[in-house]
Amino acid sequence: MKKLTPLSLLIHAVMFLLALSWLYPFIWMTISSLKPTAEIYTTSLFSGHLTLENYTFLFDNSNRADKPFLRTLFNSLFVSITITLCVTVTSMLVGYALAKTEFRGKNAFRNLLIVQMVFPVFMFIIPQFVLMRELGLVNGYSAMILPYAMSAWGIFMVSQSFKGTPNDYLYAARLDHASLWGILRHVMMPLNKSILAIVALFTFSSSWDNFLWPLIVMRDVDKMPFSVLLATFSKSYGVYLGPVMAGAVVQMLPVVVLFILFRKYFLQGMSLSLK
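Basis of the calculations
- Positions within a chain are numbered from 1, following the residues in the order the chain's sequence is written.
- With pLDDT at 70 or above as the cut-off, local features in this predicted model cover only qualifying residues; side-chain atom pairs require 80 or more to be listed or tallied, and sums for whole chains, interfaces and linings still use all residues.
- Calculation of side-chain values draws on the structure's entire complement of heavy atoms; hydrogens and water are dropped beforehand.
- The term nonpolar core refers to a set of buried residues drawn from Ala, Val, Leu, Ile, Met, Phe, Trp, Tyr and Cys, joined through side-chain atoms within 4.5 Å.
- Accessibility here uses a 1.4 Å probe with only protein chains present; expressed as a share of the type maximum, an area under 20% marks a residue as buried, one over 50% as exposed, and anything in between as partly exposed.
- Secondary structure elements follow DSSP: runs of H or I of four or more residues count as helices, runs of E of two or more count as strands, with numbering from the N terminus.
- Between two residues, a contact is recorded if the distance between any of their heavy atoms is within 4.5 Å.
- Helix axes are fitted to C-alpha atoms over the stretch in contact, other axes to C-alpha atoms as well, and angles between N-to-C directions run from 0 to 180 degrees.
- We call two directions roughly parallel when the angle between them is under 35 degrees, roughly antiparallel when it is over 145, roughly perpendicular when it lies between 65 and 115, and oblique otherwise.
- Amino acids are sorted into nonpolar (Ala, Val, Leu, Ile, Met, Phe, Trp, Tyr, Cys and Pro), charged (Asp, Glu, Lys and Arg) and polar (every other residue, Gly among them).
- By definition here, a helix of n residues has an expected span of 1.5 Å times n minus one.
- Note on definitions: salt bridges are taken to be side-chain nitrogens of Lys or Arg within 4 Å of carboxyl oxygens of Asp or Glu.
- Side-chain atoms alone can form a polar contact between residues adjacent in sequence; in general such a contact is a pair of N or O atoms within 3.5 Å, and within protein one must be able to donate a hydrogen while the other accepts it.
- Classification of ring pairs rests on two measures: the distance between centres of Phe, Tyr or Trp rings, Trp counted by its six-membered ring, which must be within 6.5 Å, and the angle between planes, read as stacked under 30 degrees, edge-to-face over 60 and tilted in between.
- pLDDT is a per-residue confidence score from the predictor, ranging from 0 to 100.
- What makes a patch is a set of residues exposed beyond 30% relative accessible area and free of salt bridges, joined within 9 Å when like-charged and within 5 Å when nonpolar (Val, Leu, Ile, Met, Phe, Trp, Tyr).
- The Shrake-Rupley method, run with a 1.4 Å probe, gives the accessible areas here. Residue values count only the displayed protein chains as cover.

### Quick look at the nonpolar core
When a protein is soluble and globular, its nonpolar side chains tend to lie buried together. Judged by nonpolar contacts, the single largest core of 31 residues is most densely connected at Y96, F162, I183, M188 and V199. Mapped by element, the contributors of at least two residues to this core are α4 (69–100), α6 (125–134), α7 (141–145), α8 (152–163), α9 (167–175), α10 (180–191), α11 (193–208) and α12 (212–217). Counting residues per element, this core draws most heavily on α4, at six residues. With residues up to four places along the chain from it excluded, the contact list for M188 reads Y96, F162, T165, L170 and I183. M29, F233, L241 and V250 belong to the second-largest nonpolar core, a separate cluster that totals 18 residues.

### Some remarks on the packing of α11 against helix α14 (residues 241–261)
The description of two helices packed together rests on the angle between their axes and the distance between the axes. Interhelical geometry of α11 versus α14 gives an angle of 180° and a closest axis separation of 10 Å. Between α11 and α14, the interaxial angle falls into the category roughly antiparallel. For the pair α11 and α14, contact is made by L201, F204, S205 and W208 and by V250, Q251, P254, V255, L258 and F259, respectively. Grouping the constituent residues of the contact of α11 with α14 by class yields eight nonpolar, two polar and no charged.

### Considering α10
The terminal C-alpha atoms of α10, which comprises 12 residues, lie 15 Å apart, in line with the 16 Å expected from a rise of 1.5 Å per residue. Buried residues of α10: G182, I183, L184, V187 and M188, and no others. Elements that come into contact with the buried residues of α10 comprise α4, α8 and α9.

### A look at the pattern of salt bridges
The tally for this structure, following the rule as stated, stands at two salt bridges. Two residues, K106 and E102, come together in a salt bridge whose shortest N-O distance is 3.4 Å. The buried category is assigned to K106, whose relative accessible area is 10%. Across the pair E134 and R133 runs a salt bridge, and its minimum N-O distance is 3.8 Å.

### Some thoughts on the side chain of T90
Summarising the element assignment, T90 is placed in helix α4. Only 3.4 Å separates the side chain of T90 from the backbone oxygen of A149, close enough to count as a polar contact. If near-sequence neighbours (up to four positions away) are discounted, T90 is found in contact with G95, A149, M150 and I155.

### Here we look at the environment of N75
Along the chain, N75 falls in helix α4. Judged by its relative accessible area of 4%, N75 is buried. Between the C-alpha atom of N75 and that of T165, which follows or precedes it by 90 residues, the distance is 37 Å. When neighbours within four sequence positions are excluded, N75 is seen to be in contact with Y141, D222, K223, M224 and P225. A distance of 3.1 Å separates the side chain of N75 from the backbone oxygen of M224, its partner in a polar contact.

### Some thoughts on the environment of K235
For K235, the location among the structural elements is in helix α13 (residues 226–236). The spatial distance from the C-alpha of K235 to the C-alpha of S47 is 28 Å, given a sequence separation of 188 residues.

### Examining the packing of aromatic side chains
In the structure shown here, the tally under the stated rule is six aromatic pairs. Relative to Y141, the ring of F78 has its centre 5.7 Å away and its plane inclined at 75°; by these criteria the two rings are edge-to-face. Note that F78 is positioned in helix α4 and Y141 in helix α7, a separation of 63 residues in sequence. Using a relative accessible area of 43% as the deciding quantity, one classes F78 as partly exposed.

### Digging into the confidence of the model for the chain
Confidence in the prediction of the chain, expressed as mean pLDDT, is 84, and 92% of residues score 70 or more. When pLDDT is averaged over each helix and strand of the chain, the minimum, 66, is found for helix α15 (residues 263–273) and the maximum, 92, for α7.

### Comments concerning α11
The end-to-end C-alpha distance of α11 is 22 Å, a good match for the 22 Å that 16 residues give at a rise of 1.5 Å each. Where α11 is concerned, the buried positions are S194, I195, L196, A197, I198, V199, L201, T203, F204, S207 and W208.

### Things to note about a nonpolar patch on the surface
Where nonpolar side chains cluster on the molecular surface, the patch consists of I114, V115, M117, V118, F119, F122, M123 and F124 and spans about 730 Å² of accessible area. Position of V118 relative to the elements: it lies in helix α5 (residues 106–118).

### As for the side chain of N192
Along the chain, the position of N192 falls in the loop between α10 and α11. On the accessibility criterion, N192 (4% relative accessible area) is buried. Side chain to side chain, N192 and S161 meet in a polar contact 2.6 Å long. When neighbours within four sequence positions are excluded, N192 is seen to be in contact with S161, F162 and T165.

Here it is as structure tokens:
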């Protein structure tokens, strides 16, 4: 076992303090969401009366103010899961083509992917909105899903991982008359599950927290995602700080749960991507 030196102890102590300073806002937000609004600023962090009335107000009484949070929560789940599945599947298909097949314009296509990752996303908002409007998809779920059904970053990450898979596995699968989907399902997915997990996790996280694009294309309150409705609620009913904190906790919770469940694959994928 490696002996701890005073310098290493000091570094670990500093890192622990930095971790606490990073976690403190989340701890404060979570505990504040369990307090009545009047006690959030008048009591210390771990004192006061804890209650679930803020969550009750958020998902029950808020409907009286035309804020259907429960409906928009399911909207966010539906849109985020759909986008994640689409990005994962398309990244596997296109990534496999880039990594294991030869076709005309392959290098140009790969360069196009890299160029697309360089440009900021907001540069494409106006052309995407015009396209959705011309297709008659504005104010519908399709307008939130279709522009993000493919990801240049996801394709690039998956193709780089697929390159490291030995071709011998593919030859063996083809000798067994495996189809393309059979090769992807039984060979490429098990051998590259860490990268697929990190692509899925980052895609779900970005889709779940997406605010600007749904705000532009959605008009109907019942079709809005949770993030947009929470922002409008915070602007109109900012005096209700407790329910706002409860909504922020709900907004954060799915990403935290996914990271805890798939942290093993996430960390493996990060280590592979940094090599």
